Amino acid sequence: MVWSGTWVAERLGIELVGRETGRDESGSAEGTHAHGARGAGGAGAAGVAEGGAADPGGAVRHDDGGGDRLKELLGLAVRRNPKRAHLLVSNVLGKHVPQDPRVVRQYGYALGLRVRALLGDDEARRSVVLGYAETATGLGHCVADGVGLAPYLHSTRRTVPGVAGAGGFEEAHSHATSHLLLPEDPALLAGDGPLVLVDDEFSTGNTVLNTIRALHQSHPRARYVIVALVDMRSPEDRDRLDGFAAELGTRVDLIAAASGTVRLPEDVLEAGRALVARYESVRGPESVGEPSSVREPDSVQAHVADPDPGRATAPACRVTRVELGWPCRIPDGGRHGFTPAHRTALDAALPGMAERLSHALHAALGDSTPAGSASVGTDERRARRTRGGTPRVLVLGFEELMYAPLRLAVALQELTHAEVRFSTTTRSPVLAVDDPGYAIRSRLVFPAHDDPDDGPGERYAYNVAGAGFDAVVAVVDSMADTPALHTPDGLLAQLARHTPHALLAVVPSYVPDRKPTPGRASEPGPAPAAEPRPASARPVPLPEPLRGPHFSSYPPDEVGWLLQDLSDVALEAPTEEREEAIQHGGAHYAESLPVEYQPSDTYQALFHQALETSASRIARAVGTVTDLVLAQAPLRHPRGQGGGRPVLVSLARAGTPVGILMRRWAQQRHGLELPHYAVSIVRGRGIDTNALRWLAAHHDPADVVFVDGWTGKGAITRELAQALAEFERAEGIRFEPDIAVLADPGSCVRTYGTREDFLIPSACLNSTVSGLVSRTVLRADLVGPGDFHGAKYYRELADADVSQAFLDTVSAHFDDAADAVDAQVKEVLSTERAPTWDGWAAVERISETYGIHDVNLVKPGVGEATRVLLRRVPWKVLARTGAGADLDHVRLLAEQRGVPVEDVDDLPYNCVGLIHPRFTRGATGADGRTVAGS
């Protein structure tokens, strides 16, 4: 096998020389000797430093693991960086070279075990592990896992508004030199226990010296431990560290998996620049978003080599968003600190997240690669499938976000039969050469997508193109889930060109939100809040959204239900009994469910006829409201800062089909994958606050857009505004109270598809057009303080389910509606859209005219009137004269229930349903007891 450093060694004269195993390479002011150094062995598990007792000040001890396997750990590449010509490319770091995630984690974990053995448990418990951005953030975290008793922090190059820095240092040779330290708890770096510094390579020692010098001035420590995969210092650099330790009067221990030296010719910088210039000139100007590598031909001239000659004609695959359900109390990494308690919580949550990821991959991969998919590595992929081989999956992390995707990749590898590999994107510019003796075979280039402090620039993914991955799962944090990620030259588009299946998983970016307490780093905490509640009042971690097919007949990616499943609870009561209980105070309408209406053959035929007639009209309304939401998204963020894509949150259940249609429109017309959830809101009880907490923990509240089917008089609009205001006062978290609706005949909202009162076929039915999910339930004996509101999944009604038929029929008209939508959106944006509440005024007039004196019993609009006939005890229906076919189903339902329909000339809606205002019949409440006074 050709060593992946051969190409560089031959052209630049660089030599990689390993030190002999067990050789005493130590030196110190006190003349101490090396601890029992051993070979790296296996996955880095062998080799535990001996001893642990403190030596006199100024001691440096080396446990470098020897250099027997150095070339197995490292390859060589050429940097596109004038400060250093070469790059040591680790085969086990999980940065530039895709590797088995178990190997990546085990190397760091084994080093951590050696640190713990060196320090002893008491000192390990007092220590802090510090990793270096961006390359060693994941390695440092794994070392902390091995130590087991210490909190972890990594440096960062991302400033975080509102988080004060606790120091920093410089990495002189890097492409991005400044490192920030942003612990949530400043006390993390203020202790006097050992500080464990972790980097992927220890090349000159300058970065570590800068770090120790900066931190030692403010908080001196008696002991430091330096940990690296490889120690490649020259003898002069090793002597310099000895002198530095003696100067500070501190002990420094060094642990490495392997050690050696890089021998560089004197002219290596000049030769490296010339080599890069030669190959870059052959390639020509490189466009962001284009994969690249070059090959060395037999002649002197090099030529451009695309890893997949057929790539340009291969259609891009669909990018599928996977909702991981990352727990809100667990930080996404060590940027602000990560404690052993966080680790325990993450260990418990990983199996569920891996299972969701596995399901998404299974749905994407199926039994074979889809026809017409991207063809990078197709020969290898086709041969593997012909042999009955397993699919290859890459979990691709994002710059400093290495640990979270690594843990997900390990959990996925343990759960699935797929061959899983792990690597991450990077800022580091490296020349790519398609040669087996070179460590970086291909390069994907794309624009930065996390609004970096140093402005826009190129980012890279190495050794992904041409690797024959059947699927790539990109894992980013929510700060990086921006429009730039999804542009035609963005990372996802590039991945989609080189794999048949690209998936996106977003981990919520953790931002400290409360003042730290003295002592250790903060324990897991909930979503950000301006005025946090006492710890005793904090809710327990919330469950993940329910998804089909386990809950609802919708596919899992269409909607996540922030509800609890009450399918096994008897909640139904006869409609008349419910009505009397509700009107006489015996029960709230949300405490029970009506018996599901089973439509007759005639009524079902009416539904399909109405759907066929109105599908194009609904498609235009869907497109209009969706494009309005997209146009307004940047305005939801103050001063235009931040802001990813909208997060659709439909009000279950009438809003759920509309939210799915909006999501489909954004996907089909704009290539955007919008997250979509369904939550419960109950008139008189407000919105599910636990669902709001879950949303705030997983998404930016400013991105949340509430969705409903239609407005009547605007009661739910007012309910939502009031509930969100109360939530903001209590939690310090603000959600915008606007609702986006398909139809707004009551003129209650600013964002709507139309203000006409027309038949929306999904209003004709109940669960059988809403994923077989009931309306929501809120009852004290079923829904506790830490629970989501409940609902039932009517699996037994599957034969009557038309949920997908409704969605698919409307979606089929999207392309035809595009031009009309563009015109309608321009018109709506140019008009005054402030709510007039005309509907509410009309309802008050009707209430007085008919002697009802309770606006809650007046249900205006086609959708609300239909609900009255299906779920309540109707008194009469008011129909606008000449309303026509939009009311055919209403008249049929009224006839079936013996309800009179009264034509009214000046009705502002097409129809209004009136609930019986004085219904009595000895009804029982939801608890089964007789209502008082009946």
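This one's a predicted model, so the numbers in the text were calculated from it and none came from an experiment.

Asker: Sorry, what's going on with the pattern of salt bridges here?
Answerer: Between side chains of opposite charge, pairing is possible as soon as their charged atoms come close. Tallied over the full model, the rule gives 43 salt bridges. Note that E728 and R734 form a salt bridge whose closest N and O atoms lie 3.3 Å from each other. In the salt-bridge network here, residues are joined through shared partners; they are R105, D145, R343, D347 and R407.

Asker: I tried to follow the packing of helix 5 (residues 137-147) against helix 11 (residues 403-415) on my own but got confused; where do I start?
Answerer: Two packed helices can be described by the angle between their axes and the distance between those axes. It is at 9 Å that the axes of helix 5 and helix 11 come closest, and there the two elements cross at 65 degrees. Contacts between helix 5 and helix 11 involve G138, H141, C142 and D145 on the former and, on the latter, Y403, L406 and R407. Looking at side-chain class alone, the contact of helix 5 with helix 11 contains 3 nonpolar, 2 polar and 2 charged residues.

Asker: What is the right way to read the nonpolar core from this model?
Answerer: Generally speaking, soluble globular proteins have nonpolar side chains that are buried together. V78, V129, Y438 and L495 are the most contacted members of the largest nonpolar core, which totals 140 residues. The leading source of residues in this core is helix 9 (residues 340-365), at 9 residues. Ranked by size, the runner-up nonpolar core spans 109 residues in total, among them A619, L692, L724 and A791.

Asker: Any chance you could explain the pairing of strand 30 (residues 739-743) here in plain terms?
Answerer: Moving residue by residue along a regular strand, the side chains alternate between the two faces of the sheet. The element strand 30 is extensively covered by neighbouring structure, given that 5 of its 5 residues are classed as buried. Summarising the sheet, strand 29 (residues 704-710) and strand 30 pair through 4 bridges and their orientation is parallel. Bridge pairing in strand 30 places V707 opposite A740. As defined by bridge partners, strand 30 adjoins strand 31 (residues 751-754) across 3 bridges and the pair is classed as parallel. Bridging from a neighbouring strand, V741 pairs with Y752 of strand 31.

Asker: Explain the sheet that holds strand 26 (residues 676-679) here, please?
Answerer: Two modes of strand pairing occur in sheets, parallel and antiparallel, and in both the strands are linked by backbone hydrogen bonds. Across the sheet, 6 strands lie side by side as 21-26-25-29-30-31; this open sheet has parallel pairing. Because the sheet does not close on itself, it has two edges, and the strands there are strand 21 (560-561) and strand 31. In this sheet, strand 26 lies alongside strand 25 (residues 647-651) in parallel orientation, the contact comprising 4 bridges. Along strand 26, the bridge assignment pairs L651 with V679. In the packing of helix 15 (residues 655-670) onto the sheet, the strands contacted are strand 21, strand 25, strand 26, strand 29 and strand 30, and the crossing angle to strand 29 comes to about 120 degrees.

Asker: Just checking my understanding: could you explain the pairing of strand 10 (residues 223-231) for this structure?
Answerer: With 9 of 9 residues buried, strand 10 lies mostly within the body of the structure. Sheet analysis places strand 9 (residues 195-202) next to strand 10, joined by 7 bridges and oriented parallel. Directly across from V196, in strand 10, lies its bridge partner V225. On the question of chirality, the crossover connecting strand 9 to the parallel strand 10 by way of helix 6 (residues 206-218) is right-handed. Pairing of strand 10 with strand 11 (residues 251-263) involves 8 bridges; the strand directions are parallel. Residue pairing for strand 11: V225 is matched across the bridge by D253. Viewed along the sheet, the connection from strand 10 through helix 7 (residues 235-248) into strand 11 turns out right-handed.

Asker: Got a minute to help me understand the packing of aromatic side chains in this structure?
Answerer: For any pair of aromatic rings, the description rests on two quantities: the centre-to-centre distance and the angle between the ring planes. The tally for this structure, following the rule as stated, stands at 10 aromatic pairs. Pairing W7 with Y438 gives two aromatic rings, centres 5.0 Å apart and planes at 80 degrees, and the pair type is edge-to-face. Placement of W7 in helix 1 (residues 6-12) and of Y438 in the loop between strand 16 (419-425) and strand 17 (443-447) is noted, with a sequence separation of 431 residues between them. No difference in accessibility class separates W7 from Y438, as the two residues are buried.

Asker: What is the right way to look at the packing of helix 3 (residues 101-119) against helix 11 in this model?
Answerer: At a closest axis distance of 8 Å, the pairing of helix 3 and helix 11 adopts a crossing angle of 125 degrees. By the angle class used here, helix 3 and helix 11 are oblique. Taken as a pair, helix 3 and helix 11 cross one another with a handedness that is left-handed. Contact residues: helix 3 offers P101, R102, V104 and R105, while helix 11 offers Y403, L406, R407, A409, V410 and Q413. Class assignment for the residues of the contact of helix 3 with helix 11 results in 6 nonpolar, 1 polar and 3 charged.

Asker: Mind showing me how you'd approach unusual backbone geometry here?
Answerer: Generally, phi is negative for residues other than glycine and the peptide bonds are trans, each holding for most cases. With an omega of -10 degrees, the peptide bond between A133 and E134 qualifies as cis. Among the secondary structure elements, E134 is positioned in the loop between strand 5 (128-131) and helix 5. Look at the link from A652 to R653: it is a cis peptide, with omega at 5 degrees. Take R653: it is sitting in the loop between strand 25 and helix 15. Although it is not a glycine, N463 sits at a positive phi angle of roughly 60 degrees. One non-glycine residue, S747, lies in positive phi territory at about 55 degrees. Here S747 lies in the loop between strand 30 and strand 31.

Asker: What exactly am I supposed to notice about the sheet that holds strand 36 (residues 911-915) here?
Answerer: In space, the 4 strands of this open sheet follow the order 33-36-34-35, with mixed pairing throughout. Two strands bound the open sheet, and with one partner strand each, they are strand 33 (858-860) and strand 35 (901-904). Adjacent strand axes in the sheet meet at a mean angle of 20 degrees, parallel and antiparallel pairs treated alike. Here strand 34 (residues 874-880) pairs with strand 35 via 4 bridges, running parallel. When the sheet's bridge partners are listed, V877 is paired in strand 35 with V901.

Asker: Any chance you could explain helix 15 here in plain terms?
Answerer: For helix 15, which comprises 16 residues, the first-to-last C-alpha distance of 22 Å matches the rise-based estimate of 22 Å (1.5 Å per residue) to within 8%. Within helix 15, 12 of the 16 residues are buried, leaving the element largely enclosed by the surrounding structure. The set of residues buried in helix 15 consists of G655, T656, P657, V658, G659, I660, L661, M662, R663, R664, W665 and A666. Within two residues after helix 15, G671 carries a phi angle of roughly 70 degrees, on the positive side.

Asker: Which parts of the structure should I look at to understand the environment of H179?
Answerer: Its location among the elements puts H179 in strand 8 (residues 178-180). Here the alpha-carbon distance between H179 and T211, two residues 32 residues apart in the chain, equals 9.4 Å.

Asker: How do you make sense of helix 22 (residues 888-897) when you look at a structure like this?
Answerer: Residues spaced three or four apart along an α-helix face the same direction, because each turn holds 3.6 residues. When helix 22 is considered as a whole, its buried residues turn out to be H889, V890, L892, L893 and A894. Positive phi shows up at G898, right after helix 22, with a value of about 70 degrees.

Asker: Sorry, what's going on with the side chain of D237 here?
Answerer: Here D237 shows up in helix 7. If we ignore the near neighbours within four places in the chain, the residues touching D237 are S203 and T204.

Asker: So what exactly am I meant to see when it comes to the environment of A702 here?
Answerer: Assignment of secondary structure puts A702 in the loop between helix 16 (689-698) and strand 29. The exposure class assigned to A702 is buried, which follows from its relative accessible area of 16%. Sequence spacing of A702 and L635 is 67 residues, and the spatial spacing of their C-alpha atoms is 9.6 Å.

Asker: Help me understand the confidence of the model for the chain, please; the structure alone is not making it clear to me.
Answerer: Atomic detail in the predicted coordinates should be set aside for any region of low pLDDT. Put simply, the chain has an average pLDDT of 79, and 79% of its residues get 70 or more. Low pLDDT, under 50, characterises residues 21-57; the stretch is placed with 94 contacts to residues that sit more than four places away or in other chains. Overall, residues 514-540 carries pLDDT values under 50, and its contacts beyond four positions in sequence, including any with other chains, amount to 69 contacts.

Conventions adopted
- Residues numbered from 1 in each chain as written.
- Predicted model: local features only at pLDDT ≥ 70, side-chain atom pairs only at ≥ 80, totals over all residues.
- Heavy atoms only, no water.
- Salt bridge = Lys/Arg side-chain N within 4 Å of Asp/Glu carboxyl O.
- Axes fitted to C-alpha atoms, helices over the stretch in contact; angles between N-to-C directions.
- Helix = DSSP H or I, 4+ residues; strand = E, 2+ residues; numbered from the N terminus.
- Contact = heavy atoms within 4.5 Å.
- Nonpolar A, V, L, I, M, F, W, Y, C, P; charged D, E, K, R; others polar.
- Core = buried A, V, L, I, M, F, W, Y, C linked by side-chain atoms within 4.5 Å.
- Buried < 20%, exposed > 50% of the residue type's maximum accessible area, 1.4 Å probe, protein only.
- Pairing = 2+ DSSP bridges.
- Right-handed = clockwise from strand over helix to strand, strands pointing away.
- Phe/Tyr/Trp six-rings, centres within 6.5 Å; stacked < 30°, edge-to-face > 60°.
- Parallel < 35°, antiparallel > 145°, perpendicular 65-115°, else oblique.
- Left-handed = near helix turned anticlockwise from the far one by under 90°.
- Expected span 1.5 Å × (residues − 1).
- pLDDT = per-residue confidence, 0-100.

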